[in-house]
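Residues per chain are reported as follows:
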Amino acid sequence: MQAFNRLVIRHQQAAYDLALRMLRDQDSAADATQDAFISAFTHLSQFRGGSFKAWLLRIVLNQVYNRLRKQRRQPSESLEAMSYDEDAPVLHIHDTAPGPEQVALSKELMACIEAGLGTLPPDQRAAVILSDIQGMGYDEIASVTGTSLGTVKSRLSRGRMAMRGYLADHVELLPPSIRHYFERIESGKSAPSDG
Amino acid sequence: MTSGNTRPDNGITHEQVLAEAASYLDGELSREESARIEAHLETCPSCRQVLATLRVTRQLVRSMPQAMVPRPFTLEQAPRRSALPALFFYLRAATGLAAAAFVALFAATATLPAATSTPGAPVLQQPRQAPAATGALERPTASQPAAGAPAATAPARAAAPTPLGAQAPKAAPADAARAAATTPPAPTRAPAVTSPTAPPPTALPAPAVTAREAEAAKRAAETDQGDSGVALLASLQAAAGVLTVSLAIATAAVWLAHRRRSP
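Residues numbered from 1 in each chain as written. Chains lettered and ligands numbered in written order. Predicted model: local features only at pLDDT ≥ 70, side-chain atom pairs only at ≥ 80, totals over all residues. Heavy atoms only, no water.

Re the overall build of chain B
A tally of regular secondary structure across chain B gives nine helices and zero strands. In sequence order, the secondary structure elements of chain B are arranged as α-α-α-α-α-α-α-α-α. Within chain B, buried positions represent 40% of all 263 residues. Contacts spanning at least 24 positions in sequence make up 71% of the contacts within chain B whose residues lie at least 6 apart. As displayed, chain B offers around 14,200 Å² of accessible surface, 63% of which is attributable to carbon and sulfur atoms. (Helix = DSSP H or I, 4+ residues; strand = E, 2+ residues; numbered from the N terminus. Buried < 20%, exposed > 50% of the residue type's maximum accessible area, 1.4 Å probe, protein only. Contact = heavy atoms within 4.5 Å. Areas by Shrake-Rupley, 256 points an atom, 1.4 Å probe, with all protein chains shown as cover.)

As for the packing of helix 7 (residues 149–169) of chain A against helix 1 (residues 14–25) of chain B
Close contact between helix 7 of chain A and helix 1 of chain B brings their axes to 8 Å; oriented N to C, the two are set at 100°. Relative to helix 1 of chain B, the element helix 7 of chain A lies roughly perpendicular. Where helix 7 of chain A approaches helix 1 of chain B, its residues A:Lys153, A:Leu156, A:Ser157 and A:Arg160 are matched on the opposing element by B:Leu18, B:Ala19, B:Ala22 and B:Ser23. (Axes fitted to C-alpha atoms, helices over the stretch in contact; angles between N-to-C directions. Parallel < 35°, antiparallel > 145°, perpendicular 65-115°, else oblique.)

Some remarks on the nonpolar core
Soluble globular proteins tend to bury their nonpolar side chains together. Counting 63 residues, the largest nonpolar core has A:Ile113 and B:Leu60 as its most contacted members. In terms of residues, this core owes the most to one element, helix 3 (residues 52–73) of chain A, which gives 10 residues. The contacts of A:Ile113, once residues within four sequence positions are left out, are A:Leu105, A:Met163, A:Leu167, B:Leu60, B:Val61 and B:Met64. If you look at the next biggest cluster of nonpolar residues, it comprises 13 residues, including B:Tyr24, B:Leu41, B:Val50 and B:Leu54. (Core = buried A, V, L, I, M, F, W, Y, C linked by side-chain atoms within 4.5 Å.)

Here we look at the environment of B:Gly11
Residue and element names in this part refer to chain B. Structurally, Gly 11 is set in the segment before helix 1. The spatial distance from the C-alpha of Gly 11 to the C-alpha of Ala 39 is 9.9 Å, given a sequence separation of 28 residues. Those residues within four positions of Gly 11 in sequence are excluded, and the remaining contacts are Gln 16 and Arg 36.

Here we look at the packing of aromatic side chains
Two numbers describe a pair of aromatic rings. These are the distance of the centres and the angle of the planes. Using the criterion set out here, one finds six aromatic pairs over all chains in the structure. The interplanar angle of 85° and the centroid separation of 5.5 Å between the aromatic rings of A:Phe47 and A:Phe52 together place this pair among those described as edge-to-face. Ring geometry for A:Phe47 against A:Trp55: centres 5.3 Å apart, planes inclined by 50°, an arrangement best described as tilted. For A:Trp55, a relative accessible area of 18% gives the class buried. The rings of A:Tyr16, A:Phe37 and B:Phe73 are connected pair by pair, giving a single aromatic cluster. (Phe/Tyr/Trp six-rings, centres within 6.5 Å; stacked < 30°, edge-to-face > 60°.)

Details of helix 6 (residues 138–145) of chain A
Residues A:Tyr138, A:Ile141, A:Ala142 and A:Val144 constitute the buried set of helix 6 of chain A. Viewed along the axis of helix 6 of chain A, the buried residues span an arc of 165°, placing them on a single side of the element. (Arc of directions from axis to C-beta.)

A word on the side chain of B:His40
All names here are of chain B. By secondary structure assignment, the location of His 40 is in helix 2 (residues 31–43). On the basis of relative accessibility, which here comes to 0%, the residue His 40 falls in the buried class. There is a polar contact of 3.5 Å between the side chain of His 40 and the backbone oxygen of Ile 12. (Polar contact = N/O pair within 3.5 Å; in protein donor to acceptor, adjacent residues only side chain to side chain.)

Brief notes about the confidence of the model for chain A
Residues and elements named next belong to chain A. For chain A, the average pLDDT comes to 80, and 77% of its residues sit at 70 or higher. At the level of individual helices and strands, chain A shows its lowest average pLDDT in helix 8 (residues 176–187), which scores 72, and its highest in helix 5 (residues 122–133), which scores 95. Every residue in residues 76–101 is under pLDDT 50, and counting partners more than four places away or in other chains gives 45 contacts. (pLDDT = per-residue confidence, 0-100.)

Things to note about the pattern of salt bridges
Evaluated as defined, the whole model comprises 10 salt bridges over all chains. As a salt-bridge pair, A:Asp123 and A:Arg155 come within 3.6 Å of each other at their nearest N and O atoms. With a gap of 32 residues between them, A:Asp123 in helix 5 and A:Arg155 in helix 7 connect regions that are remote in the sequence. Its relative accessible area of 24% is what places A:Asp123 among the partly exposed residues. A salt bridge links B:Arg58 to B:Asp26; the nearest nitrogen and oxygen atoms lie 2.7 Å apart. Here the residue B:Arg58 occupies a position in helix 3 (residues 45–62), and B:Asp26 occupies one in the loop between helix 1 and helix 2, the gap between them amounting to 32 residues. With a relative accessible area of 17%, B:Asp26 lands in the buried category. Among the ionic contacts, a cluster of salt bridges with common partners joins A:Asp132, A:Arg160, B:Asp26, B:Arg58 and B:Arg62. (Salt bridge = Lys/Arg side-chain N within 4 Å of Asp/Glu carboxyl O.)

Regarding helix 4 (residues 107–119) of chain A
The end-to-end C-alpha separation of helix 4 of chain A is 18 Å, in line with the 18 Å expected for 13 residues at 1.5 Å each. Three or more residues of helix 4 of chain A are buried, namely A:Leu109, A:Met110, A:Cys112, A:Ile113, A:Glu114, A:Ala115, A:Gly116, A:Leu117 and A:Gly118. In this structure, the buried residues of helix 4 of chain A make contact with helix 1 (2–23), helix 5 and helix 7 of chain A together with helix 3 of chain B. (Expected span 1.5 Å × (residues − 1).)

Here we look at the confidence of the model for chain B
If pLDDT is low for a region, its predicted coordinates should not be looked at in detail. Residues and elements named next belong to chain B. In this model, chain B carries an average pLDDT of 69, and 53% of its residues clear a pLDDT of 70 or more. Here residues 117–174 is a poorly scored stretch, pLDDT under 50, and it has 101 contacts once near neighbours within four places are set aside; other chains count. Interface confidence for the predicted complex, expressed as ipTM, amounts to 0.79; the pTM equals 0.56.

In structure tokens:
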């Protein structure tokens, strides 16, 4: 039990973050995360080695999809509602993107990005979250989603293109340093040679 | 701007570039594939612009902070392994047993009346009436409200052909035990009240009536027991049927719950 709880502490943030961004509701995400950990403990004998995080997130994703199916059968409040409002608990910012410097995100921009993620179909949303927020490689994403590499590439490509279009529609929220990239999309003009 | 399907000199289309853009940005392409895309980008401003916006999009999403957990998700105690699989197994077995019991009881109920009842005997109605109906006396109905009277008429009839009291004591042992147990002592005039079709008492010899009535009483007792047995079987059969249906519903509910909780 202690050893398992160490794993829980190590991976609970990733698990909860995935559930939250997919379900877009804090209570549902907490329930899904807890159920996923209980299920993981109960079925620990089925873990055959490899990435425990990938195995765990697959269980989380299954819990998420179960709840999304139920929500589709009983649509209630908008799935666009997210936790990034002024009264929400403070988000602890992690450096999730190694390499290039991070862009400082305003609350409005974060809300815009979350809203953009919410417009994606669940499979594309999961691919983008696992790749760009969880920092997983394609093999791990394929393991988590139970799909092939080609499917991962396809979903990620379509998901990012959709996000790109969504941000282009809300270019006013983008930092000035990057706004011009998307303004060129808006104008519909081909970009001058960047040389 | 070239159309999406035309091939620049490096042999890759715009659509192929856009389809591979995400993999290219993530470094998931082979060296050769990356080189082809870079060669295309050098000559295609529109694709370069798309790549640039995709790169920025990816960076923005990657800049999103992970949400803090609202509470620890550690397990305080080992969760009880779901009892659903075992429960499903036992419920299914119990349902099968209940169904088998129901079928067996149904078969027994269907065959038992033929084995225990005598022709013409109203086996399920008034057992007390049986002797009067099955004995030498043609007593037609078993539904006389004065239940004691027909039973009591046997000893009375037995006494009828003879002087009062002379033969009755002999017939009484065969019948009175039953009659006394269930009915008050019968008046000697009972035959006139309840047996319209009974032959005149004077027509029956006393010893034959006694033997016949003893035999009828014995058969009546057996039928009594048979009737009671059939009723009991019918009750058990009904109970088994209800139990089978209840267990089947419970089994289905547990199965559905187990399916939902699978990881």
